[in-house]
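Each chain is listed here by its residues.
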Amino acid sequence: MVLSDKEIRVLAKSNQMIAPFEDGQVRNGVISYGVSSYGYDFRIADKFKIFTNVNNALVDPKKFDSKSFVDFKGAECIIPPNSFALGKSVEYFKIPRNVLCVCLGKSTYARCGIVVNVTPLEPEWEGYITVEISNTTPLPAKIYANEGICQVLFFKGSEICEVSYADKKGKYQSQQDLTLPKI
């Protein structure tokens, strides 16, 4: 069952599931964020890692070379054509044991050829979300920090899972910053 705005508010306030929590949609002059009918639109922070090929590094998830990225901090991030950047959420998430979350990109960015990817947020995972933002266009693309980037949908399980992300000591548990691939 997908959780409604009312259920998301209760969990966010009682369990501090989302902090800071915006109790409604903020939309005036910005890409919207906050609680929506059946989800929560989270914001992207102002720190990015932009993919670069300056060092001719090989992209290998088992031996990831941090030289594949350049660090950038600012209110607007420009992603080169046909490239991507990593960002992190402004909000810190603490997912309850009986909830699984799926993240989907916002339509405003999708209509500009910008695709957002986040893997599922597993039961009892917590931390800042690391977001992959792909520019699929042949033109540079602008991302606005501290505005909406992605919507989280919360699915309540029919029963409590046997093993949560915290139980298995997941490698991305409690991440505080942009986190590169780990093995």
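Residues numbered from 1 in each chain as written. Predicted model: local features only at pLDDT ≥ 70, side-chain atom pairs only at ≥ 80, totals over all residues. Heavy atoms only, no water.

**Quick word on the side chain of Thr179**
Relative to the helices and strands, Thr179 is located in the segment after strand S12 (148-156). Judged by its relative accessible area of 16%, Thr179 is buried. Residues contacting Thr179, with those up to four places away along its chain left out, are Thr130 and Tyr172. (Helix = DSSP H or I, 4+ residues; strand = E, 2+ residues; numbered from the N terminus. Buried < 20%, exposed > 50% of the residue type's maximum accessible area, 1.4 Å probe, protein only. Contact = heavy atoms within 4.5 Å.)

**Focus: the nonpolar core**
Ranked by internal contacts, the top residues of the largest apolar core, which has 39 residues, are Phe42, Phe93, Leu121, Ile133, Ile143, Ile149 and Phe154. Top element by residues in this core is strand S4 (residues 39-51). It accounts for five residues. When neighbours within four sequence positions are excluded, Phe154 is seen to be in contact with Met1, Val2, Leu3, Ile8, Met17, Ile18, Gly39, Tyr40, Phe93, Val99, Leu100 and Cys101. (Core = buried A, V, L, I, M, F, W, Y, C linked by side-chain atoms within 4.5 Å.)

**Considerations on the confidence of the model for the protein**
Scored by pLDDT, the protein comes out at a mean of 93, with 98% of its residues at no less than 70. Across the protein, the element-wise mean pLDDT spans from 93 in strand S5 (residues 69-73) up to 98 in strand S11 (residues 141-144). (pLDDT = per-residue confidence, 0-100.)

**Concerning the pattern of salt bridges**
Side chains bearing opposite charge may pair, as long as their charged atoms lie close to each other. Overall, the coordinates contain twelve salt bridges when judged by the stated rule. Here Asp46 ties to Lys73 by a salt bridge, and the two come within 3.9 Å at their closest N and O atoms. You can see Asp46 sitting in strand S4 and its partner Lys73 sitting in strand S5, a full 27 residues away along the chain. Its relative accessible area of 25% is what places Asp46 among the partly exposed residues. The partner of Glu76 in a salt bridge is Lys142, and the shortest N-O contact between them spans 3.4 Å. One end of the pair, Glu76, is in strand S6 (residues 76-79); the other, Lys142, is in strand S11, and 66 residues separate them in sequence. Residue classification places Glu76 among the partly exposed positions, given a relative accessible area of 37%. (Salt bridge = Lys/Arg side-chain N within 4 Å of Asp/Glu carboxyl O.)

**A short note on the packing of aromatic side chains**
Considering all chains together, one arrives at seven aromatic pairs under this definition. Between Phe42 and Phe93 the ring centres are 5.9 Å apart and the planes differ by 75 degrees, which places this aromatic pair in the edge-to-face class. Taken as a pair, Phe42 in strand S4 and Phe93 in strand S7 (residues 83-94) lie far apart in primary sequence, 51 residues in all. Measuring from ring centre to ring centre gives 5.0 Å for Tyr92 and Tyr128, while their planes differ by 80 degrees; the resulting arrangement is edge-to-face. Of the two residues, Tyr92 is situated in strand S7 and Tyr128 in strand S10 (residues 126-135); the sequence distance between them amounts to 36 residues. Given a relative accessible area of 15%, Tyr92 falls into the buried group. Joined through ring pairs, the aromatic side chains of Phe51, Phe69 and Phe84 make up one cluster. Taking the ring centre of Tyr128 as reference, the NZ or CZ of Lys88 above it sits at 4.1 Å. (Phe/Tyr/Trp six-rings, centres within 6.5 Å; stacked < 30°, edge-to-face > 60°. Lys NZ or Arg CZ within 6 Å of the ring centre and 35° of its normal.)

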